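# Survey of secondary and tertiary structure
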Amino acid sequence: MADEYGPTFITVTDEDGREIVLEFVDALEYNGQQYQAFFPAETEGADEDPDNGLVILKVLHEDGEDLLSTLDSDEELDAVYDLFMESLFDEDGES
């Protein structure tokens, strides 16, 4: 029951070998593919726009495990980003 409260964090390693801690925001399905959205847990500058920090990864199923991967194209990223923004804004303020 304690898992139902509080944020969920994951640690990923970027292409330069740096570990990045991400906070889970939301998940959705688009064209039969599962995607997850995250915000960086630590930002380098306090003046950064939080929308610029949204990290979208797709879930791949390999050898019985779920793996997170970057998206294949800018078109895929744009479409999924728009869906996440719609979902986040619907949850935040529309009655």
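That block above? That's the structure.
Bear in mind that the values here come from a model prediction, so they are computed numbers and not experimental data.

As a further point, take the overall build of the protein chain. Secondary structure assignment for the protein chain yields 1 helix and 5 strands. Each helix (α) and strand (β) of the protein chain, taken in turn from the N terminus, gives the series β-β-β-β-β-α. Evaluated residue by residue, the protein chain yields a buried proportion of 20% over its 95 residues. In the protein chain, once contacts between residues fewer than 6 apart in sequence are set aside, the share between residues at least 24 apart is 30%.

Applying the stated criterion across every chain yields a total of 2 aromatic pairs. With a centroid separation of 5.8 Å and an interplanar angle of 70°, the aromatic rings of Phe24 and Phe38 are classed as edge-to-face. Taken as a pair, Phe24 in strand S2 (residues 19-30) and Phe38 in strand S3 (residues 33-40) lie far apart in primary sequence, 14 residues in all. The exposure class assigned to Phe24 is partly exposed, which follows from its relative accessible area of 30%. For Phe38, a relative accessible area of 1% translates into the label buried. Geometrically, the ring pair formed by Tyr30 and Tyr35 is tilted, given 6.5 Å between the ring centres and 50° between the ring planes.

Of all hydrophobic cores here, the largest spans 10 residues; its members are Leu28, Tyr35, Ala37, Leu54, Ile56, Leu71, Val80, Phe84, Met85 and Leu88. Listed by contribution, the elements that provide at least two residues to this core are S3 and helix H1 (74-93). Per element, the largest residue contribution to this core is 4 residues, and it comes from H1. Look past the residues within four positions of Tyr35 in its chain and what remains in contact with it is Asp26, Ala27, Leu28, Tyr30, Ile56, Leu57, Lys58, Leu71, Glu76, Val80 and Phe84.

With respect to the secondary-structure elements, Asp14 resides in the loop between strand S1 (9-13) and S2. Relative accessible area serves as the criterion here: at 16%, Asp14 is assigned to the buried category. For Asp14, the side chain forms a polar contact with the main-chain nitrogen of Asp16, separated by 2.9 Å.

Attention shifts here to the sheet that holds S1. Overall, antiparallel pairing links the 5 strands, which are arranged S1-S2-S3-S4-S5 in an open sheet. Edge positions in the sheet fall to S1 and strand S5 (65-69), since each has one partner strand and no second. Across the sheet, the mean angle separating the axes of adjacent strands is 45° when strand polarity is ignored. In the sheet, S1 pairs with S2 via 5 bridges, with the strands oriented antiparallel. Note on S2: the bridge partner recorded for Val12 is Ile20.

Analysis parameters
Residues numbered from 1 in each chain as written. Predicted model: local features only at pLDDT ≥ 70, side-chain atom pairs only at ≥ 80, totals over all residues. Heavy atoms only, no water. Helix = DSSP H or I, 4+ residues; strand = E, 2+ residues; numbered from the N terminus. Buried < 20%, exposed > 50% of the residue type's maximum accessible area, 1.4 Å probe, protein only. Contact = heavy atoms within 4.5 Å. Phe/Tyr/Trp six-rings, centres within 6.5 Å; stacked < 30°, edge-to-face > 60°. Core = buried A, V, L, I, M, F, W, Y, C linked by side-chain atoms within 4.5 Å. Polar contact = N/O pair within 3.5 Å; in protein donor to acceptor, adjacent residues only side chain to side chain. Pairing = 2+ DSSP bridges. Axes fitted to C-alpha atoms, helices over the stretch in contact; angles between N-to-C directions.

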